[in-house]
Amino acid sequence: MPDDISTDCVIEDDRWETLGLEALAERAVAAALIWHGIGGEVVVMGCDDARIAALNADFRGKPRATNVLSWPSVEHLPHEPGATPELPDEDELGDIAIAYDTCLAEAEAQNKPVADHVMHLLVHATLHLLGYDHMNDADAETMEAAERSILAGLNIPDPYHEKV
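A brief look at the structure comes next. In this text, all values refer to a predicted model and were calculated from it rather than measured experimentally.

The rules behind the values
- Residues numbered from 1 in each chain as written.
- Predicted model: local features only at pLDDT ≥ 70, side-chain atom pairs only at ≥ 80, totals over all residues.
- Heavy atoms only, no water.
- Helix = DSSP H or I, 4+ residues; strand = E, 2+ residues; numbered from the N terminus.
- Rg over C-alpha atoms; globule rule 2.2 N^0.38 Å.
- Buried < 20%, exposed > 50% of the residue type's maximum accessible area, 1.4 Å probe, protein only.
- Contact = heavy atoms within 4.5 Å.
- Areas by Shrake-Rupley, 256 points an atom, 1.4 Å probe, with all protein chains shown as cover.
- Lys, Arg positive; Asp, Glu negative; His and termini not counted.
- Charge placed at Lys NZ, Arg CZ, Asp CG, Glu CD.
- 1 Å grid on protein atoms, 1.4 Å probe; cavity = no way out; pocket = protein on both sides within 12 Å on 5 of 7 lines; lining within 4 Å.
- Points joined across faces, edges and corners; volume = space filled by probe spheres on them.
- Nonpolar A, V, L, I, M, F, W, Y, C, P; charged D, E, K, R; others polar.
- Salt bridge = Lys/Arg side-chain N within 4 Å of Asp/Glu carboxyl O.
- Polar contact = N/O pair within 3.5 Å; in protein donor to acceptor, adjacent residues only side chain to side chain.
- Pairing = 2+ DSSP bridges.
- Axes fitted to C-alpha atoms, helices over the stretch in contact; angles between N-to-C directions.

Quick notes on the overall build of the protein chain
Reasoning step 1: Assigned secondary structure in the protein chain consists of six helices and four strands.
Reasoning step 2: Start at the N end of the protein chain and walk to the C end: the helices and strands fall as β-α-α-β-α-β-β-α-α-α.
Reasoning step 3: In terms of overall size, the protein chain behaves like a compact globule, its C-alpha atoms giving a radius of gyration of 15 Å where 164 residues would be expected to give roughly 15 Å.
Reasoning step 4: Summarising its shape, the C-alpha atoms of the protein chain cover approximately 40 × 35 × 35 Å along the three principal directions.
Reasoning step 5: Taking all 164 residues of the protein chain together, 43% fall into the buried category.
Reasoning step 6: Of the contacts formed within the protein chain by residues at least 6 apart in sequence, a portion of 71% connects residues at least 24 apart.
Reasoning step 7: Accessible area of the protein chain: about 8800 Å², with a carbon and sulfur share of 48%.
Reasoning step 8: Computed over 9 positive and 33 negative side-chain charges, the separation of the two mean positions in the protein chain equals 10 Å.

Digging into empty space enclosed by the protein
One simple way to see leftover space: roll a probe sized like a water molecule over the atoms.
Reasoning step 1: Applying the stated criterion to the full structure yields one cavity of 30 Å³ or more.
Reasoning step 2: In this structure, the largest cavity encloses a volume near 30 Å³.
Reasoning step 3: Forming the walls of the largest cavity are His76, Leu77, His79, Pro85, Glu86 and Gly131.
Reasoning step 4: Here the lining of the largest cavity is composed, by residue class, of two nonpolar, three polar and one charged.

Regarding the pattern of salt bridges
Reasoning step 1: Counting across every chain of the model gives four salt bridges.
Reasoning step 2: A salt bridge links Asp101 to Arg15, with the nearest nitrogen and oxygen atoms 2.9 Å apart. Taken together, the residues Asp101 in helix α4 (residues 100-109) and Arg15 in helix α1 (residues 15-19) connect sequence positions 86 residues apart.
Reasoning step 3: We classify Arg15 as partly exposed; its relative accessible area is 33%.
Reasoning step 4: Each of the salt bridges in this network shares a partner with another, and the network as a whole consists of Asp13, Arg15 and Asp101.

Some points on the side chain of His124
Reasoning step 1: With respect to the helices, strands and loops of the structure, His124 is situated in helix α5 (residues 114-129).
Reasoning step 2: On the basis of relative accessible area, His124 is assigned to the buried category, the value being 13%.
Reasoning step 3: For His124, the side chain forms a polar contact with the side chain of His134, separated by 3.3 Å.
Reasoning step 4: With sequence-adjacent residues up to four places away left out, His124 is seen in contact with His134, Met143, Glu147 and Tyr160.

Things to note about the sheet that holds strand β4 (residues 92-99)
Reasoning step 1: Reading across from one edge, β1-β2-β4-β3 is the order of the four strands in this open sheet, with mixed pairing throughout. Edge positions in the open sheet fall to β1 (5-11) and β3 (68-72), since each of these has one partner strand only. Geometrically, the sheet is characterised by an average inter-axis angle of 15° between neighbouring strands, direction not taken into account.
Reasoning step 2: Alignment of β3 against β4, held across five bridges, turns out to be antiparallel. Counted as the bridge partner of Pro72 is Gly94 from β4.

Details of unusual backbone geometry
Most of the time, phi is negative for any residue but glycine, and the peptide bond is trans.
Reasoning step 1: With phi around 55°, Asn111 is a residue other than glycine that occupies positive phi space.
Reasoning step 2: Even without glycine at this site, Asn155 takes up a positive phi of about 60°.
Reasoning step 3: Looking at the element boundaries, Asn155 is found in the segment after α6 (137-153).
Reasoning step 4: Looking at Asn155, the relative accessible area reads 71%, which means it is exposed.

Any functional reading would require information that these geometric values do not contain.
Structure (structure tokens):
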């Protein structure tokens with residue numbers, strides 16, 4: 001069983017309260033960490049598109065809204081393409097920001113429950129905190145496989161499944 005798992009949720013946009021971001025974040029982060037057999041602390045901030053656009057501009061030089069951003073507490077070691085990254089040996093894993101407006105619009109466009117989409121994005125961001133990325137096809141496949149497995153454990157449908 002992993003060490004302690006802690007999710008601290010900061011709500012900057014009250015619409016996240018209605019959606020229950022705190023409970024969603026606790027479930028998503030815990031699922032990702034338990035799947036890896038580790039504990040740790042993650043801070044999740046629920047904000048709006050204006051706030052995440054400012055963060056995206058400040059930290060990534062991209063002055064536009066996005067769905068989720070993550071800031072790992074440690075610099076991750078390079079790994080072979082497609083390899084599972086070496087997990088951080090830190091209690092504080094990092095911070096996540098998630099934008100209400102973009103998440104809602106994406107969920108509606110993809111015809112899926114908003115809570116499922118938010119859980120997927122939080123799992124995705126938590127994996128980034130653990131050193132996963134999708135900079136090349138092999139790494140993207142590894143990350144998506146982890147997401148699928150973690151989300152299946154949460155009874156959330158495969159977000160990458162193509163509807164025919």
